[in-house]
Amino acid sequence: MKHYLDAAEKAARSAGELLRQNFHQPLRVNSAHAHDIKLEIDVQAQKLITKLLLEEFPGHALYGEEGIVGDQSSEHQWVVDPLDGTVNYFYGIPHFCISIALRVRSEIMVGIIYDPIREEMWTGQKGETPKLNGHHFHVSDRADLAEAVISVGLAKTGATIDANLPLLRQMIHRVRKCRVLGSAALDLAYVACGRFDAYIEQGISLWDIAAGWLLVENAGGTVDLRPREDMKDKYSIIASNGVIDLKM
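Below: a short report on this structure. (Residues numbered from 1 in each chain as written. Predicted model: local features only at pLDDT ≥ 70, side-chain atom pairs only at ≥ 80, totals over all residues. Heavy atoms only, no water.)

### Quick notes on the overall build of the protein
Within the protein, the secondary structure is distributed over 6 helices and 15 strands. Relative to the 2.2 N^0.38 estimate, which gives 18 Å for 248 residues, the radius of gyration of the protein is 17 Å and therefore close to what a compact globule would have. C-alpha extents for the protein along the principal axes are approximately 50 × 40 × 35 Å. Within the protein, contacts between residues separated by at least 24 positions form 62% of all contacts whose residues are at least 6 apart in sequence. If you average the places of the 26 positive and of the 33 negative side-chain charges in the protein, the two averages end up 2 Å apart. (Helix = DSSP H or I, 4+ residues; strand = E, 2+ residues; numbered from the N terminus. Rg over C-alpha atoms; globule rule 2.2 N^0.38 Å. Contact = heavy atoms within 4.5 Å. Lys, Arg positive; Asp, Glu negative; His and termini not counted. Charge placed at Lys NZ, Arg CZ, Asp CG, Glu CD.)

Here you go:
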């Protein structure tokens, strides 16, 4: 898997440089909704990632937030969020990332999350301890909920916000702190390396969490991911260090 991992890291760094160059610059808005924004830079970043990956692996497919490329029944499918945290990016908040994962016969084998502002690169491949900027990391060992820091995602639509608010209300009085930071992929990366103890969300897309799912599990944590029957292509996720008792 190393050649796939290297290619994903190269693509993430290239997209990260594009995002860095355009951060705090005038941005073209492709569409705006009540709780979300779509930017042209998202599309440009995914096109760059697609070019780099599929030129090297022309038989592969790509499934991304900004569209799909290639035969989606291919055994090798890249799952990409070219800019996770678009609203943060648009408002000049330096908390966003690129997420790239590779599924081989539907199993995630490679995961990359790159924060181009802090220059933090989380990398992992199936069955191996993941790394942050070349150094191995592990989930936290905190077991007491009262000492925990937990991220509760609120997602992008009225329905997903309504689904997640009860979770936030439930958790906010039981843990040390709840955080809502606006990037699911970075939330998972933070769980994986022990900054957070858990991440919970009720309506998330695969491209948001594919790479982080691998990182959390390879770092010793657990991920409970379930398709939502009432939301097409959406999932409920509980990712944690595996020892904390969320009692949900």
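More follows now that the structure is in view.
### Quick look at the packing of helix α1 (residues 2–22) against helix α2 (residues 40–56)
Two elements in contact, α1 and α2, have axes separated by 9 Å at closest approach and are oriented at 155°. The orientation of α1 relative to α2 falls into the category roughly antiparallel. Classified by chirality, the crossing of α2 by α1 is right-handed. Counting all contacts with α1, which are made through Ala-7, Ala-8, Lys-10, Ala-11, Ser-14, Ala-15, Leu-18, Leu-19 and Asn-22, the residues of α2 involved are Ile-41, Gln-44, Ala-45, Leu-48, Ile-49, Leu-52, Leu-53 and Glu-56. Of the residues that constitute the contact of α1 with α2, the class distribution is 12 nonpolar, 3 polar and 2 charged. (Axes fitted to C-alpha atoms, helices over the stretch in contact; angles between N-to-C directions. Parallel < 35°, antiparallel > 145°, perpendicular 65-115°, else oblique. Left-handed = near helix turned anticlockwise from the far one by under 90°. Nonpolar A, V, L, I, M, F, W, Y, C, P; charged D, E, K, R; others polar.)

### Topic: the sheet that holds strand β10 (residues 135–136)
Taken in spatial order, the 8 strands line up as β4-β3-β5-β6-β7-β8-β9-β10 in an open sheet, and their pairing is mixed. Edge positions in the open sheet fall to β4 (67–69) and β10, since each of these has one partner strand only. Note that strand β3 (residues 61–64) and strand β5 (residues 76–84) share 4 bridges and pair parallel. Considered in β5, the bridge of Gly-64 is made with Val-80. In the packing of helix α5 (residues 184–192) onto the sheet, contacts are made with β5, β6 (97–104), β7 (107–115) and β8 (120–125), and the angle to β7 comes to roughly 100°. In this fold helix α6 (residues 206–218) packs onto β3, β5, β6, β7 and β8, with an angle of close to 100° to the strand it touches most, β7. (Pairing = 2+ DSSP bridges.)

### Considerations on the pattern of salt bridges
Applying the stated criterion across every chain yields a total of 13 salt bridges. Across the pair Arg-228 and Asp-230 runs a salt bridge, and its minimum N-O distance is 2.9 Å. By relative accessible area, Arg-228 is classed as buried at 19%. The exposure class assigned to Asp-230 is exposed, which follows from its relative accessible area of 55%. (Salt bridge = Lys/Arg side-chain N within 4 Å of Asp/Glu carboxyl O. Buried < 20%, exposed > 50% of the residue type's maximum accessible area, 1.4 Å probe, protein only.)

### Topic: the state of the cysteines
Inspection of the entire model under this criterion finds 0 disulfides. Not engaged in a disulfide, the cysteine Cys-97 finds its nearest cysteine sulfur in Cys-193; these two sulfurs lie 12 Å apart. Using a relative accessible area of 0% as the deciding quantity, one classes Cys-97 as buried. The thiol of Cys-178 is not disulfide-bonded; the next cysteine sulfur, from Cys-193, is found 18 Å away. (Disulfide = S-S within 2.5 Å.)

### Describing the environment of Arg-228
Position of Arg-228 among the secondary structure elements: in the loop between β14 (222–227) and β15 (235–240). Expressed as a C-alpha distance, the spacing of Arg-228 and Ile-204, which sit 24 residues apart in the sequence, is 9.3 Å. The contact partners of Arg-228, leaving out residues within four places of it in the chain, are Ala-163, Gln-202, Gly-203, Lys-234, Tyr-235 and Ser-236. Within polar-contact distance, the side chain of Arg-228 engages the backbone oxygen of Gln-202 at 2.8 Å. (Polar contact = N/O pair within 3.5 Å; in protein donor to acceptor, adjacent residues only side chain to side chain.)

### With respect to the side chain of Asn-88
Take Asn-88: it is sitting in helix α3 (residues 86–90). Ignoring any residue separated from it by four or fewer positions in sequence, one finds Asn-88 in contact with Ile-93, His-95, Leu-181 and Gly-182.

### Observations concerning the nonpolar core
Core analysis: the largest hydrophobic core is formed by 36 residues, its most contacted members being Ile-113, Trp-122, Phe-137, Tyr-199, Ile-209 and Ile-237. Every element with two or more residues in this core is listed here: β6, β7, α5, β13 (198–204), α6, β14 and β15. Counting 33 residues, the second largest nonpolar core, distinct from the first, contains Ile-49, Leu-62, Tyr-89 and Val-110. (Core = buried A, V, L, I, M, F, W, Y, C linked by side-chain atoms within 4.5 Å.)

That's the geometry; what it means functionally is another story.
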